[in-house]
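Results of the structural survey
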Amino acid sequence: MAKRPAWSISNDSVICKEFEFEWNAGFAITQKQKNIMNLHESIKKETNKTALEISSKGTVSLGKDIGAFSLKYDDRPLENVFQSSKKFENGGPYEDLLFVTPKEAKKDERIRNSGELKSFCLDGETWPLEPKTLFYDYIYVKALIQNYEMTLDLTEYDWFTDIEFNPKKSINCQARSVSVYKLLQMKNIFEVMETKDKWIAFHRKYVKG
């Protein structure tokens, strides 16, 4: 058995909950899809709601299309924008990472060997590390808006998952970011994207998990 988080909206806030399910070991995509199915069945059984996998490992085209490795921010892969915005104590931001593949950007040695992460820098603005997923959620939601405007139809799904995400190893998760987009859409408050201060205030108030 294994536990993995999923994100949803409750009481006008993004929430996170862990669900237990039967785990299938192995790196083959078929094994990962079995795990997705088991996780979603657990969510359905416990909440009577439907889940969408946000990753290239899913079987629903919508979840694949809005995954981090498919989305673009200002015509650059989202993953590259995220990695190239990192400012470390001993270097960065490494803007040349905008011009490699997403996998190369994520695995670049400088990301691991430049000391402590201090902030994010993008379009002339410096973003703080707290709240922890503030910057990633911002660029992800903005990429969704750039690609789908404010009309992405997520009404069929109440929970969002990413089978590759392990909260013991990572902080940011595309499933959380999609939930944030859905909340903005539900409340019709996309204007919080207008400034960094508005986004910080929104994130602190409404992103609980």
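This report concerns the structure included in the present document. Note that this is a predicted model, so its numbers are computed, not measured. (Residues numbered from 1 in each chain as written. Predicted model: local features only at pLDDT ≥ 70, side-chain atom pairs only at ≥ 80, totals over all residues. Heavy atoms only, no water.)

Before going further, it helps to examine the overall build of the protein chain. Regarding its fold elements, the protein chain presents eight helices and nine strands. With the principal axes as the frame, the protein chain shows a C-alpha extent of 45 × 40 × 25 Å. In the protein chain, 60% of the contacts between residues at least 6 apart in sequence involve partners at least 24 apart. As displayed, the protein chain offers around 11,000 Å² of accessible surface, 47% of which is attributable to carbon and sulfur atoms. Averaging the coordinates of the 32 positive side-chain charges in the protein chain and doing the same for the 31 negative ones gives two points 4 Å apart. (Helix = DSSP H or I, 4+ residues; strand = E, 2+ residues; numbered from the N terminus. Contact = heavy atoms within 4.5 Å. Areas by Shrake-Rupley, 256 points an atom, 1.4 Å probe, with all protein chains shown as cover. Lys, Arg positive; Asp, Glu negative; His and termini not counted. Charge placed at Lys NZ, Arg CZ, Asp CG, Glu CD.)

Enumeration according to the criterion identifies nine salt bridges in this entry. The salt bridge partner of Lys57 is Glu164, with a shortest N-O separation of 3.3 Å. Here Lys57, found in the loop between β3 (51-53) and α2 (61-65), pairs with Glu164, found in the loop between β9 (159-161) and α7 (174-187); they are 107 residues apart in sequence, far enough to count as distant. With relative accessibility at 40%, the residue Glu164 sits in the partly exposed group. Two residues, Lys118 and Glu116, come together in a salt bridge whose shortest N-O distance is 3.8 Å. Taken together, the shared-partner salt bridges in this structure form one network comprising Lys32, Lys57 and Glu164. (Salt bridge = Lys/Arg side-chain N within 4 Å of Asp/Glu carboxyl O. Buried < 20%, exposed > 50% of the residue type's maximum accessible area, 1.4 Å probe, protein only.)

The next subject is the environment of Ala6. Relative to the assigned elements, Ala6 resides in strand β1 (residues 2-10). Overall, Ala6 belongs to the buried group, its relative accessible area being 0%. Between the C-alpha atom of Ala6 and that of Asn172, which follows or precedes it by 166 residues, the distance is 13 Å. Apart from residues no more than four positions distant in its own chain, Ala6 is found in contact with Ile15, Cys16, Lys17, Phe19, Ile43, Trp159, Phe160 and Thr161.

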